[in-house]
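Structural overview
The lines below spell out each chain.
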Amino acid sequence: MRPSFQPRLVNNPFQDPGLFIPFRFEKRALLFDLGDLHALAPRDILKITHIFVTHTHMDHFIGFDMLLRHFLGRHKTLHLFGPPGFFANVEGKFSSYTWNLVGEYEDELLIYVHEVHPEHILQKTYVCREQFKAKALVGSRPNNGVIWSEPSFHIKAELLDHRTPCLGLCLVENFYVNIIKGALDELGLPVGPWLNRFKQAIYEKKDPGSDFNVTWEQDGVVIKERHYKLGYLLDKIAKISPGKRIGYITDVIGTEENCNKIVSLVKDADALFIEAAFLDKDREIAQKKFHLTARQAGLIAAQARARYLKLFHFSPRYAEEEEVFEKEALEAYEQYRDHLPN
Ligand SMILES: [Zn+2]
Ligand SMILES: [Zn+2]
């Protein structure tokens, strides 16, 4: 089974945190955290539609300027999510530049900012041509734990303690549509962009009795098509299986309350990206600085039954000890798992 999302850390584990999540079948990506983005190619930055900022310490938000620099003057829509106080941080960034010439821009850049509170999510709109002054209308919706939702996936979030509210994040693919190559061959159908349309129709739960056209394309031009019922194709060429889960946890103190919230947020994650700023020998410093140790990260991963674990956000004090992080986390993971009742 090939995953629809291919997450990768933007930087090495000693540098600014950030997870870039491109979509396999679209020119589109999500971004968790907005630290230094120089390692991303401009064409990748321009794929980003939604950015989820855990909190606005510099190492998680300094990439805002670079992001805006790439999107300025383009016809694009961006969604940014952050914890309480996020509007003020974003507006502070906007107000640090002069915008006297943007009124004449032909293309419309729209930025929706969502501020996540425990009980509700507030939304403000900023328009480039209007010099990024917030629109008067502020939207509000209840926070039921899902902060963004689309037909094919949703994003769950939890407010965690980092001596400032910090978002823990989990990307959940609603289900996975696997195309059976042999079945395509049997029907004499080509691989092509129509498969994206087909998957989208399934994610959107379109009527199985509705018409669906399979198209043959050359240089973006349809040269041949064949007509089917959506439900017929679904039975013949697709297999539906559970979707993937990708957890992202950073900048949290390892208290019982935080750990319990994290475990339920990222339960059964296929991949868990989790900070380990310190080693267990320095757990008192970790606690003072409201960060996790590698051991705590390994324990959380085991309790959540995560299938793949990736550590990041190492303190520079351990420049020579990179491999110790993995070892310490893995030991804690295995110890916990070995003592689980069957
Ligand atoms: Zn940090
Ligand atoms: Zn922080």
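The coordinates are above.
Everything in this summary refers to the structure shown in the same document. Just so it is clear, the structure is predicted and the values come from calculations on it, not from any experiment.

**A short note on the side chain of Glu150**
- Position of Glu150 relative to the elements: it lies in the loop between β9 (146-149) and β10 (153-161).
- With a relative accessible area of 18%, Glu150 lands in the buried category.

**Some thoughts on unusual backbone geometry**
- For Gln131, which is not glycine, the phi dihedral falls at a positive 60°.
- Tracing the backbone through its elements, the reader meets Gln131 in the loop between β7 (120-127) and β8 (139-142).
- Taking relative accessible area as the criterion, Gln131 reaches 30% and is therefore assigned partly exposed.

**Thoughts on the packing of aromatic side chains**
- Within the structure shown, the criterion is met by 25 aromatic pairs.
- Here the aromatic rings of Phe5 and Phe23 are separated by 4.9 Å at their centres, their planes lie at 70°, and the arrangement is edge-to-face. Highlighted residues: Phe5 in the segment before β1 (8-9) and Phe23 in the loop between β2 (19-22) and β3 (29-32), separated in sequence by 18 residues.
- Seen in terms of ring centroids, Phe14 and Phe314 are 5.4 Å apart; in terms of plane orientation they differ by 80°. Their pairing is edge-to-face. Of this pair, Phe14 sits in the loop between β1 and β2 while Phe314 sits in the loop between β18 (309-312) and α11 (322-338), and the two are 300 residues apart along the sequence.
- You can call Phe14 partly exposed: its relative accessible area is 25%.
- Each residue in the set Phe61, Phe64, Phe86, Phe94, Tyr97, Trp99, Tyr126 and Phe132 is aromatic and connected to the rest through ring pairs, giving one cluster.
- Lying across the ring of Phe87, Lys124 places its NZ or CZ 4.9 Å from the centre.

**Observations regarding the coordination of the zinc ion (ligand 1)**
- Coordination sphere of the zinc ion (ligand 1), protein contribution only: Asp59 (OD), His60 (NE2), Asp251 (OD) and His313 (NE2), at 2.1 to 2.3 Å.
- Because the angles between the four donor atoms bound to the zinc ion (ligand 1) fall within 87 to 164°, the donor set is best described as irregular.
- Counting the intervening residues between successive donors of the zinc ion (ligand 1) yields the motif D-H-x190-D-x61-H.
- If you look at the zinc ion (ligand 1) and the zinc ion (ligand 2), they sit 3.6 Å from each other and are both ligated by Asp251. Taken together, the positions of His60 in helix α2 (residues 58-61) and Asp251 in the loop between β16 (245-249) and α8 (256-265) put the pair 191 residues apart, joining distant regions of the chain.
- On the basis of relative accessible area, Asp251 is assigned to the buried category, the value being 2%.

The rules we used
- Residues numbered from 1 in each chain as written.
- Chains lettered and ligands numbered in written order.
- Predicted model: local features only at pLDDT ≥ 70, side-chain atom pairs only at ≥ 80, totals over all residues.
- Heavy atoms only, no water.
- Helix = DSSP H or I, 4+ residues; strand = E, 2+ residues; numbered from the N terminus.
- Buried < 20%, exposed > 50% of the residue type's maximum accessible area, 1.4 Å probe, protein only.
- Phe/Tyr/Trp six-rings, centres within 6.5 Å; stacked < 30°, edge-to-face > 60°.
- Lys NZ or Arg CZ within 6 Å of the ring centre and 35° of its normal.
- Donors = N, O, S within 2.8 Å, 3.2 Å for Na, K, Ca; no water.
- Tetrahedral: all angles 85-135°; square planar, octahedral: opposite > 155°, others 65-115°.

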